[in-house]
Amino acid sequence: MRRNCKTGELFCRNSDFNNDIIPNDHGKMLNNILELRIQGRPMADGPTPADKQKGLQLHLKKCIERVAKKRDKAAFESLFEHFAPLLRAYSFAREPGASLMADELAQVVLIKIWEKAHTYNSNKASVNTWVYTLARNSRIDLLRRNGRYTTEIDPEYLWQDLEDESADPFVSMQHKRTEKTISDAFEHLPPDQQQVIAKVYLEGKTHQESADELGLPLGTIKSRIRLALQKLQLVVRR
Amino acid sequence: MLVNHHPDSERLTAFSAGSMPLSQALCVSAHLEMCPDCRADLDSLNKLGSHVFNQMKPSRVSNDLKQSVFKQLNDTQTHDPVSNSPARNETGRVASGVPKCLFQFIDDDYDSLDWHWVSPSIRQANLCVDGNGAHVALLRIKPGGKASHHTHMGEEITMVLKGAFSDESGIFQQGDFVVRGSNDKHRPIATKDSECICLTVLDAPIQFTGYFSRWLNPLLRRAHP
């Protein structure tokens, strides 16, 4: 397996990701979908990673819809197989070695997926992005309740309503374009920029903590983030 | 609403990543409620988060975890009581433009808070202290009221919730997000047409630098233990 050594153990390459994460039956389901999707097209080299990603997204979306409408446990199992290992990894990225917390986070988020599937809006975000926001909010809440950081502020309403608002159709067109753009462009970022983005997003480190851990000035951390966002064309105005 | 001053992209990234002190996140959240442009940027940044989230090396899951999750699944659709029924006193808070992220501190409108006297034209209501020691408060400046010249020991974030103020570097209106570092010495003045209410997060107590107001420093330190 080829790993991006500069960003440490947190990442694996896109191509490894699919093999690693999808257990057999889930994988089979996915392959069926892929075959359906690309019927009638010559398949000399098999599906490309991009095709797989697309197929996976479509599959996850259908699972969410089945969970929302039919309370379908088989569909939920598919979601479990895909997200539980990522959720554990996301918890370990913040609290290395905290196995109980990793299970707790996975559990909390998966049950939220089951309970809130009807609020998922595919025009607004992909399933991945929706689950990422659930995971982020739940991790903050869990850290707070476990006393890992003390604060009198309840994080619940800081993110939720902003991101649950219904989308306008133009925005949703734009979001489809950018999701693809982001994954393509991210791989071409210099490793030092990828590393800072990973620290901030996965390890949940503040800019100052990232600076301390990497032995870099705070300004360098900020400029790496800024440069990465520029290259990814993520933030329009600033 | 025309918002002119926004959190910079690094700060918005930290918000999207959930990697900033919650006191700062409170200010960013209040800004986002008033700024559709930044909400659109947040959407994009969340996609970046979801991309790196998806690229993590998966961590093996035990059967116990799976069983425990499946045991907790209800067959019936549960509806989120929070999002479907309006909370108590919602009208007072919505009518006075209190951002949703501050509902946890404000039961009714701004008047319902416990305002302390700071100077003839300024009142302050302390909301809470964050884990990192930052003080979260609301400041209320009378129309045309002037604050004293001051600098900060640390960083000060100000979110204008109502009205407008100006200082040496410009005019700041409802929705504007302003950051002042420890080297900025400034003297905010509320505009004459209305009172100005700001949410402020202060890393460390401010220092008054004016000749007459320096005596306030020890008092202020007592108010911010």
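Just above, that's the structure.
Residues numbered from 1 in each chain as written. Chains lettered and ligands numbered in written order. Predicted model: local features only at pLDDT ≥ 70, side-chain atom pairs only at ≥ 80, totals over all residues. Heavy atoms only, no water.

Of the regular secondary structure elements, chain A holds 11 helices and 0 strands. Mapped in sequence order, the helices and strands of chain A form the string α-α-α-α-α-α-α-α-α-α-α. Burial statistics for chain A: of 238 residues in total, 49% are counted as buried. Considering only residue pairs separated by 6 or more positions, chain A has 60% of its internal contacts joining residues 24 or more positions apart. Accessible area of chain A: about 11400 Å², with a carbon and sulfur share of 51%. (Helix = DSSP H or I, 4+ residues; strand = E, 2+ residues; numbered from the N terminus. Buried < 20%, exposed > 50% of the residue type's maximum accessible area, 1.4 Å probe, protein only. Contact = heavy atoms within 4.5 Å. Areas by Shrake-Rupley, 256 points an atom, 1.4 Å probe, with all protein chains shown as cover.)

Residue and element names in this part refer to chain A. Compared with an ideal rise of 1.5 Å per residue, which puts 19 residues at 27 Å, helix 6 (residues 127–145) spans 27 Å between its outermost C-alpha atoms and is within 8% of the ideal. The buried fraction of helix 6 is high, at 15 of 19 residues. A positive phi of about 70° marks G147, the residue just after helix 6. (Expected span 1.5 Å × (residues − 1).)

Let us now look at the side chain of S121 of chain B. Residue and element names in this part refer to chain B. Relative to the elements of secondary structure, S121 occurs in the loop between strand 1 (116–119) and strand 2 (122–129). On the basis of relative accessibility, which here comes to 14%, the residue S121 falls in the buried class. Ignoring anything within four residues of it in the chain, the contact list for S121 reads R140, I141, K142, G145 and K146.

A separate point is the sheet that holds strand 10 (residues 196–202) of chain B. Where strands meet in a sheet, backbone hydrogen bonds hold them as pairs that are either parallel or antiparallel. Residue and element names in this part refer to chain B. Taking strand neighbours across the sheet as the criterion, the 6 strands line up as 1-2-3-10-5-8 in an open arrangement whose pairing is antiparallel. What marks the edges here is a single partner per strand, and that holds for strand 1 and strand 8 (177–180). Between one strand and the next, the sheet's axes are offset by a mean angle of 30°, whatever the strand orientation. Two strands pair when backbone bridges link them, and strand 5 (residues 156–162) and strand 8 are joined in this way by 4 bridges, in the antiparallel orientation. (Pairing = 2+ DSSP bridges. Axes fitted to C-alpha atoms, helices over the stretch in contact; angles between N-to-C directions.)

Contact residues are listed per partner, giving 86 residues for chain A and 71 residues for chain B. Here chain A and chain B share an interface that buries about 7100 Å² over both sides, 61% of which is from carbon and sulfur atoms. Linking chain A with chain B are 4 salt bridges, by the criterion used here. K66 of chain B is the partner of E81 of chain A in a salt bridge, and the nearest nitrogen-oxygen pair spans 2.5 Å. Between the two partners, chain A and chain B, sit 21 residue pairs in polar contact (both at pLDDT 80 or more). Of all the secondary structure elements, the ones that give two or more residues to the side of chain A that touches chain B are helix 1 (14–21), helix 4 (73–94), helix 5 (99–116), helix 6, helix 7 (156–164), helix 8 (169–186), helix 9 (191–201) and helix 11 (218–232) of chain A. (Buried area = accessible area lost by both parts, 1.4 Å probe. Salt bridge = Lys/Arg side-chain N within 4 Å of Asp/Glu carboxyl O. Polar contact = N/O pair within 3.5 Å; in protein donor to acceptor, adjacent residues only side chain to side chain.)

Our focus in this paragraph is the packing of aromatic side chains. By the definition in use, this model includes 10 aromatic pairs over all chains. Geometrically, the ring pair formed by F76 of chain A and F70 of chain B is edge-to-face, given 5.4 Å between the ring centres and 70° between the ring planes. Here F70 of chain B lies in helix 4 (residues 63–71) and F76 of chain A lies in helix 4, a pairing that spans two chains. Following the ring pairs from residue to residue traces out a cluster consisting of F76, F80 and W114 of chain A together with F70 of chain B. Of note, R71 of chain A hangs over the ring of W114 of chain A, and the distance from its end group to the ring centre comes to 4.2 Å. Sitting over the ring of Y90 of chain A, R139 of chain A keeps its end group 3.7 Å from the ring centre. (Phe/Tyr/Trp six-rings, centres within 6.5 Å; stacked < 30°, edge-to-face > 60°. Lys NZ or Arg CZ within 6 Å of the ring centre and 35° of its normal.)

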